[in-house]
2 protein chains.
Amino acid sequence: MLAEFETYLKTQANFTDDEVKQICSSAECKKLRRKEVLLREGDVCRYKIFVCKGLLRTYSTKPDGSEYIMGFAPEHRWTTDPESYHKQVPAAFTIDALEDSEVLLWNKVNFDGLYVSVPRLKEFSENIITQNLYRSQRRILSTISSSVEERYDEFVSTYPDIFARVPLHMVASYLGVSRETLSRIRHAQVKR
Amino acid sequence: MLAEFETYLKTQANFTDDEVKQICSSAECKKLRRKEVLLREGDVCRYKIFVCKGLLRTYSTKPDGSEYIMGFAPEHRWTTDPESYHKQVPAAFTIDALEDSEVLLWNKVNFDGLYVSVPRLKEFSENIITQNLYRSQRRILSTISSSVEERYDEFVSTYPDIFARVPLHMVASYLGVSRETLSRIRHAQVKR
DNA sequence: CAAAAACGAGGACATTTGTCACCGTTTTCA
DNA sequence: TGAAAACGGTGACAAATGTCCTCGTTTTTG
């Protein structure tokens, strides 16, 4: 599991072998079964998470039990509850596995410790956060400026790999519409 | 104008006098008139921006001329086009002033240079970015899980200072609905 | 100061979307 | 493997929202 992460680190940023070794040494490997929960809403998020294999989902639950999907994290994506991790406060989101998955975990103490021995990790980490910010902003612009159909098409073409692996009702939730609405849109598209 | 920023720096993070001086010395002060454009969509965003006085707006324009408001930046808020600044690529957003404003600007070379002389600035900067990420995520959750009326109430109570200073049609744009829809919601509320 | 622009509201109507109920198929898992 | 759950779709109807229009007031600006 670590081997895959090592090649990721070397291709993404050009960390040295020694730096890679350091980063790996403070990671915790964890296998997740489908539906297994990694972080529960209300708990403090203890980890930064890197997905080696599989697919994670981040969502929020309303009192009536309905779920709202904030995002998906497939292989080679980092994820966490940023606010909970950063400030060590109760999490707003639940993170669970949509497929059997393999993840690497770093707790805050260990990860912050790495900043000392691997200074460049700080830049790398900031890059990851900033990328998540771009993604969020694009999604916001998309929701306030585009029709549901346009947003659906955008999702399919931007994340074809994810689209192929998640049920449609989760895509609907991600887009902020009902299952039925998404179904109608798809139906209208096949006719064309 | 710098005096205000200095007190901000000392209260927010506890930078030393010397660090504050360093940070200020590479800033560029700029006064903006209402409606003046600081960054134009398509140009490369050269600056990190700190608002000392006034109110800035970030928005995106569609080919038909319609504007979609990504956010507002009042006093003591940092703003920029993150992707454009970070990667020095054409900006997706326009930033202009809704009121006569005073801002401080740092270009990427200068700001990155500060990381060397003021190492703690890196943490501080990452904090700002992470806060923006929280904010974006809350907004996304809000749009996919709440009614327009709830989102309107949330906006008013979360940003009462901003709400009092921007026209309603911009709030509507920010929420992703038409002016008329917002008008109806407000009308329904006064009756209660 | 006066003309022009911006602003907020409101009505009428079409369109989109949500909700509810139901159905058949596929997948899951004990 | 067999029952149960999950999944995707559909129709009917109500509710929410967009669009287009007009109107009167306020604000801006030359």
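Described below are features of the structure shown in this document.

Calculation rules
Residues numbered from 1 in each chain as written. Chains lettered and ligands numbered in written order. Predicted model: local features only at pLDDT ≥ 70, side-chain atom pairs only at ≥ 80, totals over all residues. Heavy atoms only, no water. Pairing = 2+ DSSP bridges. Helix = DSSP H or I, 4+ residues; strand = E, 2+ residues; numbered from the N terminus. Axes fitted to C-alpha atoms, helices over the stretch in contact; angles between N-to-C directions. Contact = heavy atoms within 4.5 Å. Near = heavy atom within 4 Å. Polar contact = N/O pair within 3.5 Å; in protein donor to acceptor, adjacent residues only side chain to side chain. Buried < 20%, exposed > 50% of the residue type's maximum accessible area, 1.4 Å probe, protein only. Parallel < 35°, antiparallel > 145°, perpendicular 65-115°, else oblique. Nonpolar A, V, L, I, M, F, W, Y, C, P; charged D, E, K, R; others polar. 1 Å grid on protein atoms, 1.4 Å probe; cavity = no way out; pocket = protein on both sides within 12 Å on 5 of 7 lines; lining within 4 Å. Points joined across faces, edges and corners; volume = space filled by probe spheres on them.

### Things to note about the sheet that holds strand β7 (residues 94-97) of chain A
Residues and elements named next belong to chain A.
- One open sheet accounts for 4 strands, arranged β2-β7-β4-β5; its pairing is antiparallel. Looking at which strands have only one partner, the edges of the open sheet turn out to be β2 (37-39) and β5 (67-74). Averaged over neighbouring strand pairs, the angle between their axes works out to 30 degrees when direction is ignored.
- Where β2 and β7 come together, 2 bridges link them in antiparallel fashion. Each bridged residue has a counterpart across the sheet, and for Val37 the counterpart in β7 is Asp96.
- Those strands touched by helix α8 (residues 168-175) are β4 (55-61) and β5, and its axis lies near 105 degrees from that of β5.

### A short note on the protein's contact with DNA strand D
- Taken together, 18 residues form the shell around DNA strand D, and within it His169 of chain A together with Ser178, Glu180, Thr181 and Arg184 of chain B come nearest.
- Backbone atoms, meaning sugar and phosphate, make up 61% of the atoms of DNA strand D lying within 4 Å of the protein.
- Within the side chain of Arg184 of chain A, one N or O atom sits 3.4 Å away from a base nitrogen of DNA strand D.
- Note that a phosphate oxygen of DNA strand D is positioned 2.3 Å from one of the side-chain N or O atoms of Thr181 of chain B.
- When residues of the surface near DNA strand D are traced back to their parent elements, those giving at least two are α8 and α9 (179-191) of chain A together with α9 (179-191) of chain B.

### A short note on the sheet that holds strand β4 (residues 55-61) of chain B
All names here are of chain B.
- In spatial order, the strands read β2-β7-β4-β5; together these 4 strands make up an open sheet with antiparallel pairing. On the outer flanks of this sheet lie β2 (37-39) and β5 (67-74), each paired with one strand and no other. When the angles between neighbouring strand axes are averaged without regard to direction, this sheet yields 30 degrees.
- Examined bridge by bridge, β4 and strand β7 (residues 94-97) share 4 bridges and lie antiparallel to one another. Along β7, the bridge assignment pairs Arg57 with Asp96.

### Quick word on the protein's contact with DNA strand C
- Taken together, 18 residues lie around DNA strand C, and Ser178, Thr181 and Arg184 of chain A together with Leu168 and His169 of chain B are the ones closest in.
- When the atoms of DNA strand C within 4 Å of the protein are sorted by group, sugar and phosphate make up 59%.
- In this structure, a base nitrogen belonging to DNA strand C sits 3.0 Å away from a side-chain N or O atom of Glu180 of chain A.
- Residue Thr181 of chain A places a side-chain N or O atom 2.3 Å away from a phosphate oxygen belonging to DNA strand C.
- If you tally residues by element for the surface near DNA strand C, the top one is α9 of chain B, at 6 residues.

### Some thoughts on the pairing of strand β3 (residues 47-53) of chain B
All names here are of chain B.
- Of all the 7 residues making up β3, 6 are buried; the element is thus mostly covered by neighbouring parts of the structure.
- Where β3 lies against strand β8 (residues 101-107), 6 bridges are found, and the strand directions are antiparallel. Bridged to Val51 within β8 is Val103.
- In this structure, β3 lies alongside strand β6 (residues 78-79), joined through 2 bridges in antiparallel fashion. Pairing of Ile49 across the sheet is with Thr79, part of β6.

### Digging into the packing of helix α4 (residues 108-117) of chain A against helix α5 (residues 120-145) of chain A
Residue and element names in this part refer to chain A.
- Between α4 and α5, the shortest axis-to-axis distance is 6 Å and the interhelical angle comes to 125 degrees. Viewed along their axes, α4 and α5 adopt a mutual orientation that is oblique. Together, Phe111, Leu114 and Tyr115 of α4 and Leu121, Lys122 and Ser125 of α5 make up the contact between the two elements.
- Residue composition of the contact of α4 with α5, by class: 4 nonpolar, 1 polar and 1 charged.

### Here's the deal with the layout of surface pockets
- Estimates place the volume of the largest pocket at around 1,000 Å³.
- Along its surface, the largest pocket is lined by 48 residues, and Leu133 and Gln137 of chain A together with Asn132, Arg135 and Ser136 of chain B are the ones closest to its centre.
- In terms of residue count, the dominant contributor to the lining of the largest pocket is helix α5 (residues 120-145) of chain B (13 residues).
- In terms of residue class, the lining of the largest pocket is built from 21 nonpolar, 14 polar and 13 charged.
- Taken as a whole, the second largest pocket holds about 840 Å³ of empty space.
- Along the wall of the second largest pocket there are 42 residues; nearest its centre are Thr80, Pro82 and Asn132 of chain A together with Leu133 and Gln137 of chain B.
- Secondary structure elements with two or more residues in the lining of the second largest pocket: β3 (47-53), β4, β5, β6 (78-79), α3 (82-87), α4 and α5 of chain A together with α5 of chain B.
- Per-element tally for the lining of the second largest pocket: the top contributor is α5 of chain A, with 10 residues.
- Residue composition of the lining of the second largest pocket, by class: 21 nonpolar, 11 polar and 10 charged.

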